[in-house]
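This is what each chain is made of:
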Amino acid sequence: MPLPETMFCAQQIKIPPELPDILKQFTKAAIRTQPHDVLQWAAAYFLALSKGETLPVKERIEMPLATEKTDAALTLGLLKILHKQLSPKGTVNVAELKEKWKHLCLPEEQLKAILQLDDFGEEVEWMKVLALGCSVLGGSLLSSMKHACEILTRDPEGGAARVPFETFSFLYSYLTSIDGEIPEEETEAFLHGIKEQAEQQNGMVLLRNFLTQPSTLF
């Protein structure tokens, strides 16, 4: 015999005072991030929230261009989330990287393809993974550097996207070494020109320093 349906009055139902704000912030985060798998992302969101870790949330919604696929794939916003989560560690265990990647509902085969670009072991230098991620987004060396600067800068969005010359030089040199087709003397000459400009800008490289000058390294 089925149990009688229990009736509750409003006074008997106690809603935790923090619940409405938690759900409100979660909803806003989901709208901004637009996860491919909402349930998988939600589990990662609340796990990070409970641990006090960086949330897997984009700073703002990304509107895909007409020429871009809408399938789950790495974007600048998602790569920026990974940078916030993993850059403080410097060196990251591949297993943890795969876990964070999965939390963002990104395809495992894409990460596998990125890691195969270099001879990584069980641990990876995050800045190298960031550079390779930018190369996936970029399509060219200089556009890859543009993405890297936009992620690493402390300038507001749409600003000069300044980064220290040492950081720029490391990422640029690393990507040219992975490419393997750019002569070392061309890389050195390019970076020398960038350094001269940076020295007049408190050691910082601006987007206009390398996106507007003639170069064969595209």
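Residues numbered from 1 in each chain as written. Predicted model: local features only at pLDDT ≥ 70, side-chain atom pairs only at ≥ 80, totals over all residues. Heavy atoms only, no water.

A.B. asks: Looking at this model, I keep getting lost on the packing of aromatic side chains. Mind explaining?
C.D. replies: Between two aromatic rings, the relevant description is the distance of the centres plus the angle of the planes. Following the criterion strictly, the structure yields eight aromatic pairs and no others. Ring geometry for Phe-168 versus Phe-210: centroids 5.1 Å apart, planes at 45°, classification tilted. Placement of Phe-168 in helix H8 (residues 165-179) and of Phe-210 in helix H10 (residues 207-211) is noted, with a sequence separation of 42 residues between them. Note on Phe-210: relative accessible area 0%, which makes it buried. Put simply, the rings of Phe-26, Trp-41, Tyr-45 and Phe-46 touch in pairs and so form one group of aromatic residues. (Phe/Tyr/Trp six-rings, centres within 6.5 Å; stacked < 30°, edge-to-face > 60°. Helix = DSSP H or I, 4+ residues; strand = E, 2+ residues; numbered from the N terminus. Buried < 20%, exposed > 50% of the residue type's maximum accessible area, 1.4 Å probe, protein only.)

A.B. asks: Please clarify how the packing of helix H6 (residues 126-138) against helix H7 (residues 141-152) should be interpreted in this entry.
C.D. replies: Helix packing for two helices is described by the angle between their axes and how far apart those axes are. Running from N to C, H6 and H7 point in directions that differ by 125°, and their axes come no closer than 8 Å. The orientation of H6 relative to H7 falls into the category oblique. Crossing geometry of H6 relative to H7 is assigned as right-handed. Here Met-127, Leu-130, Cys-134, Ser-135, Leu-137 and Gly-138 of H6 come into contact with H7, specifically with Ser-143, Ser-144, His-147, Ala-148, Ile-151 and Leu-152. The class makeup of the residues in the contact of H6 with H7 is seven nonpolar, five polar and no charged. (Axes fitted to C-alpha atoms, helices over the stretch in contact; angles between N-to-C directions. Parallel < 35°, antiparallel > 145°, perpendicular 65-115°, else oblique. Left-handed = near helix turned anticlockwise from the far one by under 90°. Contact = heavy atoms within 4.5 Å. Nonpolar A, V, L, I, M, F, W, Y, C, P; charged D, E, K, R; others polar.)

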